[in-house]
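# Summary of structural features
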Amino acid sequence: MAADYEAFKRKLKGTIGLDLNYYKQQQMQRRINQWLQRVGAASYDEYIKVLQRDAEERERFTGYLTINTSQFYRDVTVFREIEDKVLPDLVQRFRRLRVWSAGCSTGPEIYTIAMLLEELTPGTRHTLLGTDFDVGALEQAEEAVYSENLLNSLPAKYKKRYFTHEGRMWRLSDTIRDRVRFKRQNLLEDPFETNFHLILCRNVFIYFTQEAQVRLTKKFSDSLVSGGYFIVGNAENLLEPEMADLKRVSYCIYQRV
Ligand SMILES: C[S@@+](CC[C@H](N)C(=O)[O-])C[C@H]1O[C@@H](n2cnc3c(N)ncnc32)[C@H](O)[C@@H]1O
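Residues numbered from 1 in each chain as written. Predicted model: local features only at pLDDT ≥ 70, side-chain atom pairs only at ≥ 80, totals over all residues.

### Digging into the domain arrangement of the chain
Stated formally: As used throughout, domain bounds are those supplied by an automatic or database domain assignment. When residue character is reported, Ala, Val, Leu, Ile, Met, Phe, Trp, Tyr, Cys and Pro are called nonpolar, Asp, Glu, Lys and Arg charged, and the others, Gly included, polar.
If you check the domain split of the chain, you get domain 1 (2–66) and domain 2 (76–256). When each unit is reduced to the centre of its C-alpha atoms, the spacing between domain 1 and domain 2 is 29 Å. Looking at side-chain class alone, the side of domain 1 that touches domain 2 contains 3 nonpolar, 4 polar and 3 charged residues.

### Focus: the packing of helix α1 (residues 2–16) against helix α3 (residues 44–53)
Quick note on the threshold: To define axes, lines are fitted to C-alpha atoms, for helices over the stretch in contact only, and angles between the resulting N-to-C directions are given on a 0 to 180 degree scale. Each helix is a run of H or I in the DSSP string that is no shorter than four residues. Each strand is a run of E no shorter than two, and both are numbered from the N terminus. The scheme is simple: roughly parallel for angles under 35 degrees, roughly antiparallel for over 145, roughly perpendicular for 65 to 115, oblique for anything else. Whether two residues are in contact depends on their C-beta atoms, placed from the backbone: they are in contact if these lie within 7 Å.
With their axes 10 Å apart at the nearest point, α1 and α3 run at an angle of 5 degrees to one another. Here α3 runs roughly parallel to α1, going by the angle between their axes. Contacts from Asp4, Tyr5, Phe8, Lys11, Leu12, Thr15 and Ile16 in α1 reach Tyr44, Asp45, Ile48, Leu51 and Gln52 in α3.

### Details of the sheet that holds strand β8 (residues 224–232)
Which entries qualify depends on this criterion: Only strands joined by at least two bridges in the DSSP assignment are considered to pair.
The 7 strands lie next to each other as β6-β2-β1-β7-β8-β10-β9, forming an open sheet whose pairing is mixed. On the outer flanks of this sheet lie β6 (180–184) and β9 (246–250), each paired with one strand and no other. On average, adjacent strands in this sheet sit at an angle of 20 degrees to one another, irrespective of strand direction. Taken together, the 5 bridges between strand β2 (residues 127–132) and β6 define a ladder with parallel strand orientation. Considered in β6, the bridge of Gly130 is made with Phe182. Helix α5 (residues 76–94) contacts β7 (196–201), β8, β9 and β10 (253–256) of the sheet and is inclined by roughly 155 degrees relative to β7. Where helix α6 (residues 108–120) meets the sheet, its contacts fall on β1 (98–102), β2, β6 and β7, and the angle it forms with β2 comes to roughly 170 degrees.

### Examining the pairing of strand β5 (residues 169–172)
Counted only if it meets this: Remark: C-beta atoms are placed from the backbone, and a residue is labelled buried if 20 or more other C-beta atoms sit within 10 Å of its own, exposed if 12 or fewer do, or partly exposed between those counts.
In β5, alternate side chains face the same way, and those of Trp170 and Leu172 are buried while those of Met169 and Arg171 on the opposite face are not. Here strand β4 (residues 163–166) runs beside β5; their pairing, made up of 4 bridges, is antiparallel. Within the sheet, the bridge partner assigned to Thr164 lies in β5 and is Arg171.

### Topic: the environment of Thr77
Along the chain, the position of Thr77 falls in helix α5. Residues Thr77 and Arg181, spaced 104 residues apart in sequence, show a C-alpha to C-alpha distance of 26 Å.

### Here's the deal with unusual backbone geometry
Backbone geometry at Asp75 places phi at a positive 70 degrees, although glycine is not the residue there. Take Asp75: it is sitting in the loop between α4 (55–66) and α5.

### Points about the sheet that holds β5
Within the open sheet, the 3 strands sit side by side as β3-β5-β4. Their pairing is antiparallel. Both outer strands of the open sheet, β3 (145–147) and β4, are each paired with one neighbouring strand and no more. Strand after strand, the sheet turns through a mean of 35 degrees between neighbouring axes, direction not considered.

### Details of the environment of Tyr47
With respect to the helices, strands and loops of the structure, Tyr47 is situated in helix α3. With 21 C-beta atoms packed within 10 Å, Tyr47 lands in the buried category. Between the C-alpha atoms of Tyr47 and Gln140, which are 93 residues apart in sequence, the distance is 27 Å. Excluding its chain neighbours within four sequence positions, the residues that come into contact with Tyr47 are Leu36 and Ala41.

Here is the structure:
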C-alpha cells in the first residue's frame, strides 16, 4: 500500500502538476483514500488511469484536494487589525500599494482588501493580485458571485455598499471586481512576483510540510518591500520567522524588517 501511494504521488505530479511530497502526508493520504472510496476506485493505480484520460475528473479531483473554503473578512479580529492598522500604515508610507493574496481560492480575501482600500483611498488604483493553483476556484473568483454564507463575517456597511442581491446569491460590484487581477500559480514551483507591500497567505500553510513552510516563508519575505507585511492564517505560526527577516507584530501578522 505504501509503495502504491508513492507511485501514485509520482504519477499525480505528472498528471495534475501537484507534488504531494510538500503536503502533510497523513492528512493528504486520508483525504485521497476517502475520495477513492467516494468515486468507487479500487486502487491508486486504477484511479490514476482515470485521471490520465479524463480532464473533467482531473478538475474535480484538484478542486477536492486543494480545499477552497474562504470568506469575506474571514477572522474578524485579524481583519479589524488590517483595516485599522496595517492598511492605514501602508497607504501613509507608500500611497499606491501592491497586494497579493497567495492561495486566494474564490477571491473573498483579496476582494475584502480591495473594499477596505476603496474606503481608505477612494478611486486610487492599487495593484491587487490573487493567485491559486485551482483553475475552478479562479473562474469563480473572476465571476465574483457568492452565496450568503461567505458574507457572514463582512460588516453590514460593506455588504450594502459593494454587493447586489441576485436570486439567492450576492454579486460583487464591478468597481471592486475590476480592481483585482487573478492568475494561476503553483506556490511550490512557480516564480513569485516581487515588491509587494502586503502579502496574505492564509489557511494554506496548514496543508504543507514544515520544510515547505520554511522555504516559502523565505520566498514570501523576499517578495516584500522592507516594512511590508506578511499575514498568515489564525491557526498558523511561522516557523523561524527571524531567519526570513520577519518579526511578528500582532496575531498572525508579520512585518519585514
Ligand atoms: C483553504 S483555502 C484558503 C483561501 C483564503 N486564503 C482564505 O484564507 O480564506 C486554500 C487555498 O490554497 C490553494 N492552494 C493549495 N495548494 C496550493 C499551491 N501549491 N499553490 C497555490 N495554491 C494552492 C487551494 O487551491 C485553496 O484555494
